[in-house]
Structure formats: C-alpha cells, structure tokens
Amino acid sequence: MEKTFLDFTSHIFYETSKRRPEEEVFLLSTKSTYPTLSFTPQSQVIVPLPRIQNGTYVFNGMVFHNTKEGKSTLWSLFLASIYHLAAHIAISQYSIYDEWCKHKTQKICWQVIDFIEDVAVEKYLSVTNPDALKNINNIYSCLLNTYETNRKMNLSTDNKFSIMYKTENQYEINKIKESILTMRDGANHIQDMLSCADVLYRNRKLLPSNILPYCEHHDEVEPIKFKRCDFSFQPTGFFEDDVKLLAESWETEQNNKSRMLSRYKKHLRGLNFDEIIIPAGNIHAYLQMKSQNNVLLRKIRDGIRIVTNMQDDPRVQEMGLINMQYAIQAIASESNTVEIFDQDEARRSEEAWVILLDCSGSMKLKFAKVKEFALCVAETANELTGRSDAWSLHGFDNNFTIIKDFKEKYSQDVKARVGSLKSGGLSFVPDAIELGNRLLAEDPRERKYLFVITDGQPSGDDKFEKRLQKIVKSIGMSGVGIIGIGMKDDITRYFGNNCDGTDLREMVTKFIKTYRDTAADM
C-alpha cells in the first residue's frame, strides 16, 4: 500500500523518538498554530499543518508564498519540528523539574528548561540523524543572518522569531552548553541539572528572547499574528528528499480531499447539515481502543461470518457447470466422493455497508462506548465485506463527517480519524440517514445495509420524529437493510430492525442477532 502523508510523518516521529504509537500521542492539526509539547495526562506532541489562505500558505504564525522557494522553507520548518519534538520525547527528562518549578514564574521556567533540554536534543540528533541536525542548524543560521542583515540596514523585520540569542553572550552560552552535556553523563546528573537551572533562572539574559519556529510551545496562549516569512531556506541531503516528499504527498491528499468534499456536497440538497468535514486523526487513541476490545472484535467477526455462511452456502452443487480440475481428479482417483460440479451462479452476494455514528451532544455520556462499538463494526466491515470499497463510515451531528469514504482504503489515516472522534453539536439523525442512503444508491452491489448508531434523541428539528419514521420506512421499502443501534430503548421507536444494550458486550451480542434477522428477510 502506498504511504500516505500521515504514514510518512508518523514513521519519522516514532523512529526518531524510539517509541511506538501505542505509547506516545503524536497529532497533526489544522487548528494549532504552533508546535506544542504537553504532559497531562501523558506526553502529547501536536505539530500544526499548513492552511491555504488567499492563495498563500499559513504556517507557524507566518505566511508563505505559493512558490517553490516558499514551500521548501515551509516544509523544512515542518520537518524540523517533527525531528526536534520527537528527540525531546526520546531523551528529555521533564519530570525532574516538577519540584524546581514551584513558586517560580512559569514562563521563565519553561525558557530555562527548554534551553537545557534543547542541548540534549542537539546531542541526540548528532548521533541518530546528523543530516537532520545539520539542516536544523542551517535553518537557525538563516534566521539569525536574516535578522542581522535587516538590523544593519535599519530595516524592521516582520518575523517575530528573528531575534534569538544576543551575540555578545554567545561565548558564555556555549560554555554553559558544554557543561550541560558533561552534567547529563555524571552520577549526580539530576542535582547538577537543577543547579544549572538555578543559574540560568538568575541569569535570564542568556536565554533566547523568543521560541524558534520549529520548537515547542507548552500550551501557552499567545495572540496569533500572521506575519510574512522574511527568510528562505534550501534543505540538503536526505532532509531535502523528505521535504519534497512531504510537499508532494500533502498536496496530493489535499486535492483528493477537495474532490471528495465536492462529491459529498452534491448530496446535501434538501438537508440541514452545516458542512461536510474530514477530521484530523489520532492513531494513538485508535490503537488503545482496538487493544481494549480485541475480544469483542473477534466475537462480532465470528458472529457475522456465520451469517454469511448461512446465507451463502459454499457447498459445491451436485449439478451445474463441470469443474474440469475436479472431474480429472475424480477420474484419476476412481472416487465417487469428489464433487465435479460448480454452481452456475455466484454463491455469494456482495454487500455494501454505510455506518452512521451519532456524534451529537446527547451521546456524550455514552459516547466512549458507542465509539468503541463503531470501531468494532468498522473492523468487521473491512474484513467481511471483502473489499475496502464495499463500506463507508461517517459521523454526524449538525455537520456530516467523512471518517471513511467508499473510495478510501482502511488506512492509518482512516483509523486515526476513528480515534479522533468527539461528541458535541445537534443530532440530525434523519438528514444523516438520507445522506447515507444517497451514498448507497450510487453503489451497484446487490445487498445494501445502513447501520445507524444513535440514542434516537431528537435535536435541531421540530419535526424530527415524523421525518425519521418517513425516511426509515422509505429506505426499508427500497430494499436497503436498515438497522438502528443504540444504548437505550428509545431506538426501538424508530427502527423495525434494531438492537440496544446497557454495555458494549450486550450491544455486540444483540447486533449479531439483528444482523442475522435482517439478512434473512432480504
């Protein structure tokens, strides 16, 4: 399978950090402005994604021109952020500063800690990926040179990241960095590092005045001021190859998503959704959910596999089209037990599934379990429909969310979207069912199922109940198997085929039975 943008970036992050996706949270976000590193309840790295605005790219609080040079600089900063933050996850010991930070100014504390830990990061990258470190250092030099040039020419700079270290203190700073590296290898390294932190806290003139654009913020709330990027950078070596790959894969995926959104928007006629969205992902959350529900996953797969075998008996017929290979085998063995006929029509009817997950605010108290159930159904659909283009998964509130489109593979991107789902907003159940049915209408397969995971609580529409009953009845009469799935009895009011449960295990058991009954009626 061809690697996606997320595959590529995740590989770099987890390989550099020497961690696994199950252990550390690594997120790409269109809502973040700066790279962030936080630790509650566990360490979490968020790297912002560029946004297209008026034909330019907005990234890290800066505006980049849509040119080869502009994109090269942008993606170099992006890649530098991944390496820099991944190295922190691998080598930094932030917990040793917890007590030291108490009763001190937090902003200064983080400046001190970042100064110390960035020294360790630089040493780590010099060993594990010297090519990346060389390019990161070159980025820093470009930033510093740009500032010096503007200062000498008495030009103001738009780039708030340009002012770094005061050059008159550079010798002293270098001596402190050398001491830090020596201390980290010593027997009393924790106490030595804290003593160094005390020195830097008292001599804060030695600290950087701003955070470098590829370095971490710590959940700091800063006013967002988009400034023109006033420096350019040309990467080299393997770093340059990766920058090109990042730019190409991101643009390809943006184009694919744009086409997908255009196709979905054609189905919005007469519906009340605010917009169609494709969420950012969280592969860590997905892997945690899957690990916690492996037993139920096996149960639901096995249960539905039995339904398929009951509906589509794979036994060879005693009359029909001769299978020449079987016939030759029967003659050679002089056996009457070898069947020689195949069925003269397809034994198995292909199925198309659309799975709809209610993500509205009314689901909040039970959403964790409902999301886990949706994951179980998605994993089952991927395995048992036989083809990745045979099923789709969507969330809905007052927006309609594409989690997996029919035309998408069940890739890491899709799995990450499952992990990132949250509840909130209004519950447009009738609109979601109608849109799901319109998607199924485009599919040529013989058997079609629409699974609606909801609590059935109306919101956003005064005529909710009448609309829902009318749509469910109409879809049922068209030959589509529609199944309502919920965590309470309210669901039974709207769907002829339905199941509910007080917990995930009960829902899985009832779902298998309901699916069997629905399949038998079709």
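Residues numbered from 1 in each chain as written. Predicted model: local features only at pLDDT ≥ 70, side-chain atom pairs only at ≥ 80, totals over all residues. Heavy atoms only, no water.

Peer 1: Would you mind going over the confidence of the model for the protein chain in detail, with residue names and values included?
Peer 2: With 83% of its residues at a pLDDT of 70 or more, the protein chain has an overall mean of 83. Low pLDDT, under 50, characterises residues 157-166; the predicted model gives this stretch 38 contacts beyond four residues in sequence or across chains. (pLDDT = per-residue confidence, 0-100. Contact = heavy atoms within 4.5 Å.)

Peer 1: Can you tell me about helix α2 (residues 68-91), naming the residues and giving the values?
Peer 2: Helix length check: α2 (24 residues) gives 34 Å between terminal C-alpha atoms against 34 Å at 1.5 Å per residue, within 8%. In terms of burial, α2 is a largely internal element, 19 of the 24 residues being buried. (Helix = DSSP H or I, 4+ residues; strand = E, 2+ residues; numbered from the N terminus. Expected span 1.5 Å × (residues − 1). Buried < 20%, exposed > 50% of the residue type's maximum accessible area, 1.4 Å probe, protein only.)

Peer 1: Let's hear about the pattern of salt bridges: which residues, and what values?
Peer 2: Going through the model one piece at a time under the given rule, you end up with 20 salt bridges. Two residues, D389 and R445, come together in a salt bridge whose shortest N-O distance is 2.7 Å. Here the residue D389 occupies a position in the loop between α12 (367-384) and β12 (391-396), and R445 occupies one in the loop between α14 (429-441) and β14 (447-453), the gap between them amounting to 56 residues. Ionic pairing is found between E434 and R438, a salt bridge with its closest N-O pair at 3.1 Å. With E434 and R438 both in helix α14 and 4 residues apart, the pair spans about one turn of that helix. (Salt bridge = Lys/Arg side-chain N within 4 Å of Asp/Glu carboxyl O.)

Peer 1: Describe the packing of aromatic side chains, listing the residues and the values that go with them.
Peer 2: Enumeration over the complete set of coordinates arrives at 28 aromatic pairs. Measuring from ring centre to ring centre gives 6.0 Å for F273 and F428, while their planes differ by 45°; the resulting arrangement is tilted. Taken as a pair, F273 in the loop between α8 (237-265) and β8 (276-277) and F428 in the loop between α13 (412-420) and α14 lie far apart in primary sequence, 155 residues in all. Residue F428 is classed as buried on the basis of its relative accessible area of 7%. With centroids separated by 6.0 Å and ring planes inclined at 10°, the aromatic side chains of Y449 and F451 adopt a geometry described as stacked. Here Y449 matches F451 in class, with each residue buried. Members of the aromatic cluster, connected to one another through ring pairs, are F5, Y57, F59, F64, W75, F78 and W250. Positioned above the aromatic ring of Y201 is the side chain of R204, whose terminal nitrogen or guanidinium carbon lies 4.7 Å from the ring centre. A cation sits over an aromatic face here: K404 above W391, 4.7 Å from the ring centre. (Phe/Tyr/Trp six-rings, centres within 6.5 Å; stacked < 30°, edge-to-face > 60°. Lys NZ or Arg CZ within 6 Å of the ring centre and 35° of its normal.)

Peer 1: Explain the environment of K473 residue by residue, including any values.
Peer 2: By the element assignment, K473 lies in helix α15 (residues 464-477). The sequence separation of K473 and Y494 amounts to 21 residues, and the corresponding C-alpha distance is 9.2 Å.

Peer 1: Go over the packing of helix α6 (residues 170-184) against helix α7 (residues 189-202), please, and point to the residues and values.
Peer 2: Each pair of packed helices gets described by two things: the angle between the helix axes and the distance between those axes. The N-to-C vectors of α6 and α7 enclose an angle of 160°; their axes lie 8 Å apart at closest approach. Accordingly, the angle class assigned to the pair α6 and α7 is roughly antiparallel. Two packed elements cross with a definite hand, and for α6 against α7 that hand is left-handed. Between α6, through I176, I180, M183 and R184, and α7, the contact on the second element is made entirely by H189, D192, M193, C196 and L200. (Axes fitted to C-alpha atoms, helices over the stretch in contact; angles between N-to-C directions. Parallel < 35°, antiparallel > 145°, perpendicular 65-115°, else oblique. Left-handed = near helix turned anticlockwise from the far one by under 90°.)

Peer 1: Lay out the side chain of S420 in plain terms, naming residues and giving numbers.
Peer 2: Tracing the backbone shows S420 in helix α13. Within polar-contact distance, the side chain of S420 engages the backbone oxygen of R417 at 2.9 Å. Non-local contacts of S420, meaning those with residues more than four positions away in its chain, are made with P279, A280, G281 and N282. (Polar contact = N/O pair within 3.5 Å; in protein donor to acceptor, adjacent residues only side chain to side chain.)

Peer 1: Give a description of the nonpolar core that names residues and reports values.
Peer 2: Core analysis: the largest hydrophobic core is formed by 115 residues, its most contacted members being F78, W100, I116 and W353. Residue contacts for I116: discarding those within four places in its chain leaves Y97, I180, R184, M193, C196, A197 and L200. If you look at the next biggest cluster of nonpolar residues, it comprises 32 residues, including F406, I433, L439 and L450. (Core = buried A, V, L, I, M, F, W, Y, C linked by side-chain atoms within 4.5 Å.)

Peer 1: So, unusual backbone geometry: which residues are in play, and what are the values?
Peer 2: The phi dihedral of K18 is positive, around 60°, even though this residue is not glycine. Mapped onto the secondary structure, K18 falls in the loop between α1 (5-17) and β1 (25-29). Judged by its relative accessible area of 55%, K18 falls in the exposed class. Its identity is not glycine, yet N54 carries a phi of approximately 55°, on the positive side. Relative to the assigned elements, N54 resides in the loop between β4 (51-53) and β5 (56-59). We classify N54 as exposed; its relative accessible area is 77%.

Peer 1: Outline the sheet that holds β8, supporting the account with residue identities and numerical values.
Peer 2: Strand order in the open sheet formed by 7 strands is β8-β13-β12-β11-β14-β15-β16, with mixed pairing between adjacent strands. Both edges of this open sheet fall to β8 and β16 (497-500), since each of them pairs with a single strand only. Summarising the sheet, strand β11 (residues 351-358) and β12 pair through 6 bridges and their orientation is parallel. By the bridge assignment, W353 is partnered in β12 with W391. Sitting on the sheet, α8 touches β8, β12 and β13 (400-404), and the angle it makes with β13 is about 130°. Sitting on the sheet, α13 touches β12 and β13, and the angle it makes with β13 is about 135°. (Pairing = 2+ DSSP bridges.)

Peer 1: Before we move on, could you go through the sheet that holds strand β6 (residues 62-64) and cite the residues and values that matter?
Peer 2: Ordered by their spatial adjacency, 4 strands build an open sheet running β4-β5-β6-β7, and the pairing between neighbours is mixed. Each having just a single partner strand, β4 and β7 (227-228) make up the two edges of the open sheet. Pairing between β6 and β7: 2 bridges, direction parallel. Note that in β7 the partner of V63 across the bridge is R228.

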